[in-house]
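Read off the chains here:
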Amino acid sequence: MFVISHHILKNHTAMKKISLFLFLVLLSSKSILAQTAPSEGTGDIHDPYEISSFDNLLWIVADNSRWSKHYIQTANINASSSSTLNSGKGWLPIGTSSVKFTGTYDGQNYSISSLYIRRTARADLSFVGLFSYIGAKGIVKNLSLTSVDYEGKEDLGALVGQNEGLIDNCSSAGTLTGYSRTGGLVGSNASTGKIENCFSTCTISGSAYDYKGGLVGKNVGSINNSYATGSVTGMNSVAGLVGENSGEIIFAYSTSDVTGHNFVGGLVGYNSGEISYSYANIGGTSNVVSVVTSGYAKIGGLVGENYTDGTISNSYATVDLLSTSDFVYGGGFVAVNRGSITDCYSYSSVFLDETLVETAASGFLVDNYGTVSNSYTRGTVNAVYEAGFVDVVN
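**Student:** Please explain the pairing of strand β27 (residues 279-282) as it appears in this structure.
**Tutor:** The side chains of a regular strand alternate, residue by residue, between the two faces of the sheet. Only one face of β27 is covered, namely the face carrying A280 and I282; the face carrying Y279 and N281 is uncovered. By the bridge criterion, 2 bridges tie strand β22 (residues 248-254) to β27 in an arrangement that is parallel. Paired with S254 across the strands is A280, a residue of β27. Bridge count for β27 against strand β32 (residues 316-323) is 4 bridges, and the pairing is parallel. Its bridge partner being in β32, Y279 is matched across the sheet by Y316.

Below, the structure is given as structure tokens:
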């Protein structure tokens, strides 16, 4: 006769309850069980996986062997359920520093809406967006991200934290709050990175640290035929399009509202790269504003400071620059120039508080250590020290 004791039955019942509880926790997280493989495609460049749901996106994230495959999106995707993932931290980006996304993702002009990210703790990831890293061979194109809601640390962008590949015909809208290298579309664009035919209307904020731009936080690569129309708030190297540029910007513009401390610009905050055929047009209800907490600040209609290797050509600024703080240099085009400026003009208005100890303003640039040729201004200037074209020539 086989006998099962009462204690064994009791323990078995308890274990079943625990197992059921763990199953329900996993189910509610949706970070593991909601993955669904695409029903069409093999991932080959000639037969890409077809992505039509948020569960398909989760399937891509789950296995890094899928980050070199090829994808097309075949429907608009609502990603609002991402707010329930990973204990409230939201979306886990595609790619890592060691295994980058090197495939292709063609959105086919569809959108991904309401993606949610909260990764601000010290132990959390940097390089955050829909993608974490896009590698040099990676291509993302024809994709719109709408109603994004991100909070992160360094290298934060609606589409990608760091781009080393090609981003073409992509856009973003929503809000991003980051510490450093935060952009409406891309956090950092590396030397091999190319951004073409893109725009962002995002609201960018985060008072600490540097490099915030309406489109890109920090650019070392190339940006072509792209723009930003949102608003940007930060500390140093803050601008309507790119916070800091040491790469190339061509045929680009910004109408973004900008507020920062130092190296604040309508298009670029701090430039040591190339800018050509570009402009900032910010006025009316939008302004470029410097709020200084300590020390000197440089604020410019197009660029805050153009550094030694910086070149600006065939570009202009029509911007309202404002500051009620002391020790501000405000230039209708550039505050301080150490590089080269050619064939440019400014129609900017510069309004600095002339009741303070030291504010300096000029219709074009305040402090020049470099070269300027074939350029002019027709703006309005108000400050303690003011000049029509150049305030100080060194």
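**Student:** What exactly am I supposed to notice about the nonpolar core here?
**Tutor:** One broad rule of soluble globular proteins: the nonpolar side chains tend to lie buried together. Core analysis: the largest hydrophobic core is formed by 79 residues, its most contacted members being W91, Y105, F131 and L159. Sorting elements by how many residues they give to this core places helix α2 (residues 54-61) first, with 6 residues. In contact with L159, not counting residues within four places along its chain, are G129, L130, F131, V140, L143, L145, I167, C170 and L185.

**Student:** Sorry, what's going on with the environment of G129 here?
**Tutor:** Considering the arrangement of structural elements, one finds G129 in the loop between β5 (116-118) and β6 (131-134). Under the relative-accessibility criterion, G129 is labelled buried at 0%. It is 8.3 Å that separates the C-alpha atoms of G129 and I94, two residues lying 35 residues apart in sequence. Beyond its immediate stretch of four places on either side in the chain, G129 contacts W91, P93, I117, Y150, G157, A158, L159, V160 and G161.

**Student:** How should the packing of aromatic side chains be read in this particular structure?
**Tutor:** How two aromatic rings sit relative to each other is given by the distance of their centres and the angle of their planes. Following the criterion strictly, the structure yields 19 aromatic pairs and no others. Between the aromatic rings of F101 and F131, the centroid separation amounts to 4.9 Å while the plane-to-plane angle is 55 degrees, which identifies the pairing as tilted. On the criterion of sequence distance, the pair formed by F101 in the loop between β3 (77-78) and β4 (104-113) and F131 in strand β6 is long-range, its members being 30 residues apart. One aromatic cluster is present, formed by F199, Y227, Y253, Y279, Y316, Y345, Y347 and Y376 through successive ring pairs.

**Student:** Before we go on, may I ask you to explain the pattern of salt bridges in this structure?
**Tutor:** Should the charged atoms of two oppositely charged side chains come close, the side chains can pair. According to the stated counting rule, one finds 7 salt bridges in the structure shown. The shortest N-O distance in the salt bridge between E151 and R118 comes to 3.5 Å. Of this pair, E151 sits in strand β7 (residues 139-151) while R118 is found in strand β5, placing the two residues 33 residues apart along the sequence. The partly exposed category is assigned to E151, whose relative accessible area is 30%. A salt bridge links R338 to E305; the shortest N-O distance between them is 2.8 Å. Of this pair, R338 sits in the loop between β34 (334-337) and β35 (340-342) while E305 sits in strand β30 (residues 303-306), and the two are 33 residues apart along the sequence. Overlapping salt bridges, with partners in common, bring together R118, D149 and E151 in one network.

**Student:** Sorry, what's going on with the environment of L267 here?
**Tutor:** Along the chain, L267 falls in the loop between β24 (262-265) and β25 (268-271). L267 gets classed as buried once you look at its relative accessible area, which sits at 0%. Separated by 15 residues in the primary sequence, L267 and A252 have C-alpha atoms spaced 8.6 Å apart.

**Student:** Got a minute to help me understand the environment of A136 in this structure?
**Tutor:** The residue A136 is located in the loop between β6 and β7 in this model. A relative accessible area of 53% places A136 in the exposed class. Distance in space between the C-alpha atoms of A136 and T192 is 6.5 Å, their sequence separation being 56 residues. Setting aside residues up to four positions removed in sequence, A136 forms contacts with E164, G165 and T192.

**Student:** What am I meant to see in the pairing of β7 here?
**Tutor:** One ladder, built from 7 bridges, connects β4 with β7; its direction is parallel. By the bridge assignment for β7, D106 is matched with K141. Relative to β7, β5 runs parallel, the two being bridged by 3 bridges. From the neighbouring strand, Y116 faces β7, where its bridge partner is D149. Note that β7 and strand β10 (residues 166-177) share 10 bridges and pair parallel. Within the sheet, the bridge partner assigned to L145 lies in β10 and is S172.

**Student:** How do you make sense of the side chain of S144 when you look at a structure like this?
**Tutor:** Mapped onto the secondary structure, S144 falls in strand β7. Judged by relative accessible area, S144 falls into the buried class, the value being 19%. Excluding its chain neighbours within four sequence positions, the residues that come into contact with S144 are Y110, S111, I112 and S171.

**Student:** Got a minute to help me understand unusual backbone geometry in this structure?
**Tutor:** The phi torsion of most residues other than glycine is negative, and most of the peptide bonds are trans. Located in the positive-phi region is D155, a residue other than glycine, with phi close to 55 degrees. Inspection of the secondary structure puts D155 in strand β8 (residues 154-157). A positive phi angle, near 55 degrees, is found at N197, a position not held by glycine. Looking at the secondary structure, you find N197 in the loop between β13 (194-196) and β14 (199-200).

**Student:** Help me out: how do you make sense of a negative patch on the surface in this one?
**Tutor:** Together, E40, D44, D47 and E50 make up a negatively charged patch on the protein surface. Considering the arrangement of structural elements, one finds E40 in the loop between α1 (6-29) and β1 (49-51). Residue E40 is classed as partly exposed on the basis of its relative accessible area, which comes to 44%.

**Student:** Can you walk me through the state of the cysteines in this structure?
**Tutor:** One covalent bond between the sulfur atoms of two cysteine residues makes up a disulfide. Tallied over the full model, the rule gives 0 disulfides. Sulfur of C170: no disulfide; nearest cysteine sulfur belongs to C198 and is 5.0 Å away. When its relative accessible area of 2% is taken as the criterion, C170 is described as buried.

Parameters and conventions
Residues numbered from 1 in each chain as written. Predicted model: local features only at pLDDT ≥ 70, side-chain atom pairs only at ≥ 80, totals over all residues. Heavy atoms only, no water. Buried < 20%, exposed > 50% of the residue type's maximum accessible area, 1.4 Å probe, protein only. Helix = DSSP H or I, 4+ residues; strand = E, 2+ residues; numbered from the N terminus. Pairing = 2+ DSSP bridges. Core = buried A, V, L, I, M, F, W, Y, C linked by side-chain atoms within 4.5 Å. Contact = heavy atoms within 4.5 Å. Phe/Tyr/Trp six-rings, centres within 6.5 Å; stacked < 30°, edge-to-face > 60°. Salt bridge = Lys/Arg side-chain N within 4 Å of Asp/Glu carboxyl O. Patch = residues over 30% accessible without salt bridge, like charges linked within 9 Å, V, L, I, M, F, W, Y side chains within 5 Å. Areas by Shrake-Rupley, 256 points an atom, 1.4 Å probe, with all protein chains shown as cover. Lys, Arg positive; Asp, Glu negative; His and termini not counted. Charge placed at Lys NZ, Arg CZ, Asp CG, Glu CD. Disulfide = S-S within 2.5 Å.

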